[in-house]
Each structure stands twice: as C-alpha cells, then as structure tokens.
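Tertiary structure, described
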Amino acid sequence: MAEAGPTHDVLIIGAGPAGASAARVAAAAGLRVALVDKAAFPRDKLCGGGITGRAMGYLQGVFGPLPTDLFHNSARMRFQDGARLLCDICDMPGMVMTMRRSFDAVLRARAIAAGAADHCGARIAVMDARLGRVQLANGARLEAPVIIAADGVHSGVARALYGRAHDPARIGFALEVEVPEVGDGTTTLDMTAAPFGYAWDFPKAGGRTLGMGGVAVRNPDLLARFRGWLPAHGVNPDAVTIKGHHLPFGEVRRRPGDGNILFAGDAAGLVDPITGEGIGWAVKSGQLAAEAAIAALGAGTPQRAGTLYCAAMATVLAELGRARLLATVVYHPLVQPRFMRAVARSDHLPRRFLGLLAGEMDYADLGPRRLVGIARRMLVG
C-alpha cells in the first residue's frame, strides 16, 4: 500500500456497540475518526439482545438517553433445569430486551452525528494493521496512528496480527431463532440445555428470541439439541430459520492493547460466561479505548495507547476472570446437578444472579473468600 500519510486520528474497525461507543467518544473529543464496517446499517446481528442494568448505565453514559421504543421490559424470570422449574421470580430488576438490528443502527447513527466519518458498507480489501492503513473495496484509503479493533469474534485485525482471532477450542457457539409469537413476557433461562452452556427464551416487542449456546468443542450436536428443545417452548424447528455464530465467552484477551492497536468488545473476548453479558462490556471497552487513544494522541505518543488502555481495562478483565472461575464450577458436569438443587432450594442464588444483571453488584462484591467458598461447597457437597 502506497505511503500517503494519516487521513484520520483513529481508525475504528467494526460499528457494533463497541465500535460505535469508541467512535462517539473519540469524535466528541475532536479527533478525526473513521468508522469502518463491512455491513451497511441497519443489519441483522445474532444476539439474545438482553440489556442489563449495568449495560444501560454504560449506554446512557456514552450515548445519552436512547429511544424508549428500542427496549422491551421483562420483569419476570424463570430458571429451568430442562423441563423442571427451579424458580420463578416475578420482580426481576434492571433487565430489558432489544432487537439488535434497530439498536445497533441507533448507536452507529449517534457516532456519525458526533462527527465520525461513515465508511460502513465497504469491505476491507487490504490491511496493514501495524501501520494503521487499510484500503477498502470501494477504493478508499484510510490511515491513522491508532486502530481500535471492534470487529467481533472473528476479528480481521487479530487474524492479520496473530494468525487467528481466538482459540477455537475455548470459545462458544450459539444458535438462535426469532419468532413473531408473543409469549407472557417472561424471560426463561434453561441452565442445563447444553454442556457448559444454557438456553434462553427472551420476550421482545412483537416476538421472542430463543437460543442455545455453549462451549463449541463440547457441543458437536448443538443443532440437534436445539431442534429438540424448541418444541417444548412452542416453536416448530422446521418452520423457523436457525442461525448460528461463535461467541467469545471462553477466552478473554489478556492484553487487549498492543501498541497502537486496541481490541474492544467481542474482539477482546469481553463476554461474561455466566450471565452472557456482552453489550455492556462492549460499550465500556469502546469508551475506554477511545479515552486511551485521546490521551496517547494528546501526548504525541500513539504507541502508548495500548498501555494506557490495558491499565484502564484492568478492573473489567479482573471481573471477567472471576466470572470465568465461577463458571468452571457452575457448568462442570459433576457439580452442576448439585448447583441446580441449591438454586431450587432457595431464591438466594437466583437473586444474586439478578443482582449481577441489574448492576447492583459485581463478582468482586462476592470477594475471593466467598467465591472460593461457593466453589468448595459445590465440589465437596
């Protein structure tokens, strides 16, 4: 690619929640931002679409108030062990559902309105990530001293740098369908539907999203499992379109910043393996990546952006590390039946889970002693 000089200050690859958040924060600070995505928006995105209380706080902090018609409230959650009802909580706090097609389009539009240059709808033809240069399929050439890679679980930036985005033996895979039938507004989680995974039935405005996911290598029969699970939830598997996609909930990138290249959202593996939280961490990481870029560029040291970003992300990475430790216990096949019995006997554990979803507490609030205690009780039992 020919030498041309920087056209922008920050090049953001991927215009989902992480990329849109980074673009809005950086553009609002006066940086020249290029927002690139192969898709033209609005576009479909496989995702349960759950917005936790924590995620909503991050969203409002970056994007301001969002249109209320993007969200559907769900005040009731049902935990199941297959066909067995574990508990039914009718006063669930802080959880709304959204359709990613509309939701992502609004976030991207807010980033563009803040001043980010719109390069969505064009694939990258040539990339030199280290030099911050890309050439799009439409012929546009873009260059910036800092790149924020928010391009998902199959990150092209990560593949260009390291040969692959994530370890396929560690990440997850999910299947999902959307149906127009409106249920009773209850959010359902089936905690044993898949090995090292779970299934969900999320109510939306005008329909439902049903899915099943787990660690990919432990679920070679996921499609058959999902097709067998759907009829019990009122869905004929032959009458719907089943979509699939990898999910990075098993592998968090330990150093999401590498010199002048910052990884955010799914590209950094920022998905909670217990709650499935991904949108909130995507928005937060996009914000922190932009702030690191602003500071590094302001000091004239774009290569320090990665160091600044890693320092800012330490709390997020520690929180996901605690979640991964607990998930190892919760989803272990020898321990899970005991955990399910504990859930059925008391509403304490489900309400802890809901507290995490609502943003009322973090895994850090459990403390290392309590985390180890939970693991010990489940293992020794």
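Everything in this summary refers to the structure shown in the same document. Numbering of residues starts from 1 in each chain and follows the order in which that chain's sequence is written. Reporting of local features is limited, given that this is a predicted model, to residues whose pLDDT is at least 70; pairs of side-chain atoms are given and counted only at 80 or more, and all residues count toward the totals for whole chains, interfaces and linings. Derived side-chain values reflect all non-hydrogen atoms in the structure, with water molecules and hydrogen atoms excluded from consideration.

Moving on to the overall build of the protein. Secondary structure elements follow DSSP: runs of H or I no shorter than four residues count as helices, runs of E no shorter than two count as strands, and numbering proceeds from the N terminus. Each helix and strand counted, the protein has 11 helices and 19 strands in total. Note that the radius of gyration is over C-alpha atoms, with the globule rule given as 2.2 Å times the number of residues to the power 0.38. Here the C-alpha radius of gyration of the protein, 21 Å, is about what a compact globule of 381 residues would show, namely 21 Å. Along the longest, intermediate and shortest principal axes, the C-alpha atoms of the protein span 65 × 45 × 40 Å. The accessible surface values rely on the Shrake-Rupley method and a 1.4 Å probe; as for residues, cover is taken only from the protein chains in view. Within the structure as shown, the protein displays about 15,800 Å² of accessible surface, and the carbon and sulfur contribution to it stands at 53%. Distance from the positive charge centre (42 side chains) to the negative charge centre (33 side chains) of the protein: 5 Å. Only four residue types enter the charge count, namely Lys and Arg as positive and Asp and Glu as negative; His and the chain termini do not. In plain terms, the charge of a residue is placed at NZ if it is Lys, CZ if Arg, CG if Asp and CD if Glu.

Another point: empty space enclosed by the protein. Cavities and pockets were defined on a 1 Å grid built from protein atoms only: a cavity is a group of points that admits a 1.4 Å probe but offers it no way out, a pocket is an open group of points flanked by protein on both sides within 12 Å along at least five of seven lines, and a lining residue is one with an atom within 4 Å of any such point. Grid points are joined across faces, edges and corners, and a volume is the space filled by probe spheres set on the points. Considering all chains together, one arrives at 1 cavity of 30 Å³ or more under this definition. Size it by volume and the largest cavity reaches roughly 60 Å³. Around the largest cavity, the lining is made up of 10 residues, and of these Arg-54, Asp-272, Thr-275, Leu-356 and Tyr-363 lie nearest the centre. Residues that form the lining of the largest cavity fall into these classes: 4 nonpolar, 2 polar and 4 charged. The residue classification treats Ala, Val, Leu, Ile, Met, Phe, Trp, Tyr, Cys and Pro as nonpolar and Asp, Glu, Lys and Arg as charged. All others, Gly included, are polar.

To continue, consider the sheet that holds strand 7 (residues 95-98). Any two strands with at least two DSSP-identified bridges between them are counted as paired. Overall, antiparallel pairing links the 3 strands, which are arranged 3-7-4 in an open sheet. Only two strands of the sheet have a single partner each, and these edge strands are strand 3 (50-52) and strand 4 (71-73). Here the average twist between neighbouring strands, direction ignored, is 35°. Residue contacts are counted whenever heavy atoms from the two residues lie within 4.5 Å of one another. Structural elements are reduced to axes, namely lines fitted to C-alpha atoms, with helices fitted over the stretch in contact, and the angle between N-to-C directions of any two is expressed from 0 to 180 degrees. Helix-sheet contacts for helix 2 (residues 53-63) involve strand 3, strand 4 and strand 7, and the interaxial angle to strand 3 is about 80°.

Spatially, 8-2-1-12-19-18 is the arrangement adopted by the 6 strands of the open sheet, whose pairing is mixed. Only two strands of the sheet have a single partner each, and these edge strands are strand 8 (117-120) and strand 18 (257-258). Here 4 bridges tie strand 1 (residues 10-13) to strand 12 (residues 146-149), and the two strands are oriented parallel to one another. Within strand 12, the position partnered with Ile-13 by the bridge is Ala-149.

A word on the pairing of strand 15 (residues 197-204). The side chains of a regular strand alternate, residue by residue, between the two faces of the sheet. Think of it in three bands: residues with accessible area under 20% of the maximum for their type are buried, residues over 50% are exposed, and the middle band is partly exposed, with areas taken using a 1.4 Å probe on protein chains only. The element strand 15 is extensively covered by neighbouring structure, given that 8 of its 8 residues are classed as buried. Side chains of strand 15 alternate between two faces, with Gly-197, Ala-199, Asp-201 and Pro-203 and Tyr-198, Trp-200, Phe-202 and Lys-204 buried alike. With antiparallel pairing between neighbouring strands as the criterion, strand 14 (residues 186-190) and strand 15 make up a hairpin whose turn holds 6 residues, including Phe-196 at a positive phi of roughly 50°. With 8 bridges connecting them, strand 15 and strand 16 (residues 207-215) associate as antiparallel partners.

Turning to the nonpolar core, a few remarks are in order. Of all hydrophobic cores here, the largest spans 72 residues; its most connected members are Leu-11, Ile-51, Leu-59 and Phe-103. Apart from the residues within four sequence positions on either side, Phe-103 is in contact with Pro-17, Ile-51, Leu-59, Leu-66, Leu-70, Phe-71, Thr-98 and Ile-279. Working definition of a nonpolar core: buried Ala, Val, Leu, Ile, Met, Phe, Trp, Tyr and Cys residues. They are joined through side-chain atoms within 4.5 Å. In this structure, Leu-46, Met-97, Met-191 and Tyr-363 belong to the second largest nonpolar core, which totals 33 residues.

Positionally, Met-77 belongs in strand 5 (residues 76-81). Between the C-alpha atoms of Met-77 and Leu-320, which are 243 residues apart in sequence, the distance is 23 Å.

A separate point is helix 1 (residues 17-28). Expected span, for any helix, means 1.5 Å times one less than how many residues it has. With 12 residues, helix 1 extends 16 Å between its outermost C-alpha atoms, agreeing within 8% with the 16 Å of an ideal straight helix rising 1.5 Å per residue. Residues of helix 1 that are buried: Pro-17, Ala-18, Gly-19, Ala-20, Ser-21, Ala-22, Ala-23, Val-25, Ala-26 and Ala-27. Just beyond helix 1, the residue with positive phi is Gly-30, at close to 95°.

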